[in-house]
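Given next are the chains, with one letter for each unit.
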Amino acid sequence: MDIQLKLEVKEISKAYGNNEVLRRVNFAVLDGEFFSILGSSGCGKTTLLQILIGLLVADAGKIFKDGADITTLEPARRGMGIVFQNYALFDNMTVFKNVSYALQFHSVDNEAAIKKAAQMLDIVGLKNFSAKMPAELSGGQQQRVAIARALALEPDIILFDEPLSALDASTRLDIRRELKNIQRTLGTTMIYVTHDQEEAFALSDKIMILNRGVVSQIGSPEEIISAPANDYVKTFVLDNLQTKIDSLRRFLT
Amino acid sequence: MRKTFLICVAVIFSAGIFAPLGSLFLRITPEGFVQVINSPQFSSAVWNTISTGLIATIISLTLALAAAWTLERTAIKHKNFFVIIFGVPMLIPSISHSFGLVALFGANGWLTNIFQWNFNIYGAAGIIAGSIMYAFPVAFFIFMSVLQCEDGSPYLAAEVLGVPKIRQFLDLTLPYLKRTIISTFFAIFSMIATDYGVPLMIGGKTITLSVLMYNKAVAMMDYNSGSVIGAFLIIPAVIAFLADILNPAQKQNDFAKNISVDDKYSSRAGFIFCLSLSALIVAPILTFCVMIFAAKYPADMSFTLYHVMRTIHRGALDNWLNSLIIAFISAGVGTIFSFALAYFSTRTEGFAARIIHLLSIFPMTIPGIALGLGYVIFFHDLPIYGTLIILAAVNVMHFFSSPYLMMRNTLEKISSNVEAVGKVLGIPRRFIIRDIILPKVRFTLYEMFAYFFVNAMMTISAVSYLAPPAPKPIALMITQFEAQRLIESAAVVSIAILLTNLALKIFFTMLNRKTPASQ
Amino acid sequence: MNLKRVFVAAICAAGLLISGCGGGTDSSAENKTVKIWTSGEDYRNEYYLTECQKKFPDYNITLEYMNTSNIAAKVLEEGDKADCDIILSEEYGYLEKCGDNLAELADFDFAPFLDDIVPAGHKYLPEYKNSGCIIINRAVLDKNNLPVPTSYQDLLDPRYKNLISMPSPASSGTGYMFLRQLVNEWGEDAAFDYFAKLTENILQYTSSGSGPVNALVQGEVAIGLGMTGQAVFEINQGVPLEIIFFAEGSPFSMYGNAILKKSYDRQAVRDVFNYLATDLCKGNNEKFFPDQIFKDFAPTIKNYPTNIHYGNMKNDTLTEKERLLKRWTFS
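Residues numbered from 1 in each chain as written. Chains lettered and ligands numbered in written order. Predicted model: local features only at pLDDT ≥ 70, side-chain atom pairs only at ≥ 80, totals over all residues. Heavy atoms only, no water.

Participant: Could you give me a rundown of empty space enclosed by the protein, with the residues and numbers involved?
Facilitator: Counting across every chain of the model gives twelve cavities of 30 Å³ or more. Taken together, 24 residues form the lining of the largest cavity, with Tyr214, Val218 and Ser464 of chain B together with Met66 and Asn70 of chain C sitting closest to its centre. Secondary-structure elements contributing two or more residues to the lining of the largest cavity are helix H11 (209–219), helix H22 (463–466) and helix H23 (476–484) of chain B together with strand E2 (60–65) and helix H4 (68–78) of chain C. Looking at which element gives the most residues to the lining of the largest cavity, the answer is H23 of chain B, with five residues. (1 Å grid on protein atoms, 1.4 Å probe; cavity = no way out; pocket = protein on both sides within 12 Å on 5 of 7 lines; lining within 4 Å. Points joined across faces, edges and corners; volume = space filled by probe spheres on them. Helix = DSSP H or I, 4+ residues; strand = E, 2+ residues; numbered from the N terminus.)

This is the structure in structure tokens:
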């Protein structure tokens, strides 16, 4: 087995009544990889994410992390963090408290917690915002708090559920850059759920395209562009990207 | 944990609602049923209940909608003043409204004497007037809150397109309010039809079903006839309940835009309308304030403390203290219990959550006068009978649904990802509730506490069966004074209840101001 | 945090108060507590309570008003669990009905009372004879340009519509005695016919016997069928009411006092009862209800009618009452 294999997902299926949301999904994520799950809304990507983190239970299939079966492990014991689209910050706590709050439940002493939170806020560039309340921050800043909060517990995988879709274009670019930086500095494996092709292609080492609960293709951006596995990948992913490129080209030439 | 919770809820609802209600229905015998519905009083009571109830409901709704629209949609001055005044009648028992009407419009009433009127307020007219006073504020606050939530963008569009204001009201506002109007109509009708306070005092010979039930079950302790009438009184409430759940609320638009003040125009007619309504609402209370210090209202207006002292001597102080204890227990226990159920029904998934929700809104359908009778029949031989505990318990169950819905509304606005984050970060749920949810819902908790407190303080329905003769809840002194037609003492007690409730409201208002909103 | 503190404080306070109020486990306090249920009028209750508290300052005496039928129903429903030691001012018929729950008053003296009002089983002592009359508020009559009525038939005049008050016979003993008397005088059908018509003119049937006089005092009605004693009390307070009688005479009924079986052996209860049944009973006779009940005591009260012609009150039994009330559908 490859020594670098971080997460292995085998034959995951999930249905709500007669509605099959995920069918026999298989994929593997390497250590330190930036892995995107790309699909239009309703393709099952959020359900998959919730199964990975343990908020939902799959009907069938197994999940291995570092070779160990974590399929039925509680969310908090999987060593993963999560960042939601709507941040889900504790808005009655300061930015600092948001980041440090959970540490007390992991036998981290007070002093260490303070140090840790400060360090995380530094990483996401919010050192000077510690005493602010979430409501006083911009959307991008709030999302950074959510990232810092997830990082504080030192997870080796962080999951992102469409984290940038509520933000404006320039903030998105900023945070994209920052995510890459964090990935590089901390070496954290990142699993990133999005419906935005451009985002996925710009950030990812590897992309998995999900269509109606079924995996269409897994590969590096280059592989997908050079050899789309089927019509869906061609129309949904590549044609869309082409349109964007074409519209920009008008101004560039 | 989850299992224990569900078992506790099942036990509480069985003992607090279903067993008493079942005992009430089991008390009905075929002979008793036939005897009651064949009596001449019964058919006329049904007719009186429906006719006065319908008229009062329609007028209350019309006035409430007009007042709410004027305050919400025109640039009226002193808006907050009007909102406070319109809320005052909700702080005194229903029966006090009819004492107020007698003091003003009775044969020897203040206004009757001034204007030398010669008409009779007793009977259907009095019931309708009193019921409007009792129901108007409830309908008003429902319309206010719904109008506040309406999306302003269609109005902007209409304004730009040059649609006149009246057409905006008819084509945008009314369709938007349709559902609220329907469900409020049934709710208000059932509220009026099941109240006995107003018609008891001022109904004259016009006897409604609720008064008939009161006369049979409370005054004469004829529980068999009372059970039959009680079963009938549940009907309007069940209709209201069905109207509500079969007519689900439309989803709030996330992008709703507030209706901006710039678009509002000021209207002199609206101001005069609200001012006259306020005068009508305040008049009985002011009359009470004069009456309790007048030697012999209205003939001899010299100042005296005689009525106050006499009312105290009749046990008002002990009863007031007793009410205060009951109100605090009901409010404390009720708030915790309704929070727990609202939390469970909104923030957990699955079948149990839906059942809990249905259970929680079910108590709305049971009129207090019927629930109280069920309690008497069911709890009669148990040791808690005749204690404060049972009075607090019946209050919690009786008034449970509204605070539950308040909390549910608030909790639904909090992202469910908060719990997900807690799970992923390994924060135990009780800490999530304590450190994140509770601080966020603090104001709703205050509101719920106040709701339980105020209602426990002024209820005369369920407790009228359960209260021991002394000390009893102070509001029940008013029904006793009704029997003896002691209007001054009733006024003293009404004002005491009003002041107590006002004090609590002011306390919470100050608390809210001191701690700024976290949201 | 703030919130939690408020709730915890509120609940602790409530808990303390309950334990404080319900703290009747102290046996000496329990022994000195005397609970009285009465259907008496407000001002008489005041008199009884004040005098008892004066006489027995160490006792914790409470007095609670309920209407006559309610007291009986509660005693019968709750039996020995009833939160009551002494029943005061209850109608004979109802006392008779509660007989099984009442102690035989072997240690109390029945001798001073007129023989014909002493009950056979000695379960209750006579307290007063409540007699009824027609009371008018002349100011209200004048305001409406109406004459003083002179007979029951006059009261059917449509001009008196909504100006007459009467207690409901179903819930008030006073209301019932008017019905009883007219049934005796005119026959049952004629009497019920009469009330069917009178109902047209009645503003509201009050549930308490003291309702009509209070309504007259407030000027809400012009004519009341009420208690002579209460009307005189108000007249002597300076309220301009007048008492009249119609040809049929004054209806009356007897009221008495009793001790519940379960409380008979408690000294405090006996002390209070004895005081109520002797000195205070005389006082009541002297101050409020001067109709004669004692063999050698015939008090007079200012403005109280003398030489009352009492009406025909035969068959004033509870079974008769229950039968008549089944037919009563006007309130």
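From this point, things continue past the structure.
Participant: Outline the interface of chain B and chain A, supporting the account with residue identities and numerical values.
Facilitator: Of the residues lining the interface, 18 residues belong to chain B; the matching set on chain A comes to 20 residues. Joining chain B to chain A, the criterion identifies one salt bridge. Joining chain B to chain A, the criterion identifies eight residue pairs in polar contact (both at pLDDT 80 or more). A per-element tally of the side of chain B that touches chain A places helix H19 (residues 417–425) of chain B first, with seven residues. Classifying every residue of the side of chain B that touches chain A by side-chain character gives eleven nonpolar, four polar and three charged. (Contact = heavy atoms within 4.5 Å. Salt bridge = Lys/Arg side-chain N within 4 Å of Asp/Glu carboxyl O. Polar contact = N/O pair within 3.5 Å; in protein donor to acceptor, adjacent residues only side chain to side chain. Nonpolar A, V, L, I, M, F, W, Y, C, P; charged D, E, K, R; others polar.)

Participant: Outline the packing of aromatic side chains, listing residues and values.
Facilitator: According to the stated counting rule, one finds 64 aromatic pairs over all chains in the structure shown. Geometrically, the ring pair formed by Phe86 of chain B and Phe140 of chain B is edge-to-face, given 5.0 Å between the ring centres and 85 degrees between the ring planes. Of this pair, Phe86 of chain B sits in helix H4 (residues 79–87) while Phe140 of chain B sits in helix H7 (residues 124–149); the two residues are 54 residues apart in sequence, bridging distant segments of the chain. A residue is classified by how much of its surface remains accessible, and Phe140 of chain B, at 0% relative accessible area, is buried. Ring centres of Phe185 of chain B and Phe186 of chain B lie 5.6 Å apart, and the angle between their planes is 85 degrees; on these two criteria the pair is classed as edge-to-face. Given the relative accessible area of 22%, Phe185 of chain B is considered partly exposed. The partly exposed category is assigned to Phe186 of chain B, whose relative accessible area is 28%. Ring pairs connect the aromatic residues Tyr152, Trp186, Phe192, Tyr194, Phe195, Tyr205, Phe246, Trp328 and Phe330 of chain C, which therefore count as one cluster. In this arrangement the basic side chain of Lys282 of chain C is found over the ring face of Phe294 of chain C, its NZ or CZ atom lying 4.7 Å from the centre. The residue whose ring lies beneath Lys282 of chain C is Phe297 of chain C, and the NZ or CZ to ring-centre distance is 5.6 Å. (Phe/Tyr/Trp six-rings, centres within 6.5 Å; stacked < 30°, edge-to-face > 60°. Buried < 20%, exposed > 50% of the residue type's maximum accessible area, 1.4 Å probe, protein only. Lys NZ or Arg CZ within 6 Å of the ring centre and 35° of its normal.)

Participant: An account of the arrangement of the chains is requested, with residue identities and associated values reported.
Facilitator: By contact count, the leading pair among the two pairs of chains in contact is chains B and C. Chain C makes no contact with chain A, the minimum C-alpha separation between the two being 12 Å.

Participant: Give me the lowdown on the domain arrangement of chain B, citing residues and values where you can.
Facilitator: Residue and element names in this part refer to chain B. What the domain assignment reports for chain B is domain 1 (1–28 + 304–519) and domain 2 (39–250 + 268–291). Relative placement of domain 1 and domain 2: their C-alpha centres are 23 Å apart. The interface is formed by 40 residues belonging to domain 1 together with 39 residues belonging to domain 2. In this assembly, domain 1 packs against domain 2 so that about 3,300 Å² is buried in total across both faces, 80% of it on carbon and sulfur atoms. Summed over the three residues of domain 1 that lose the most area to domain 2, namely Thr365, Ile369 and Ile487, the buried surface amounts to 17% of that side. Run the count over domain 1 and domain 2 and you get zero salt bridges. Where domain 1 meets domain 2, there are six residue pairs in polar contact (both at pLDDT 80 or more). The set of elements that each furnish at least two residues to the side of domain 1 that touches domain 2 consists of helix H1 (2–26), helix H16 (368–379), helix H21 (442–458), H22, H23 and helix H24 (487–514). (Domains from an automatic or database assignment. Buried area = accessible area lost by both parts, 1.4 Å probe.)

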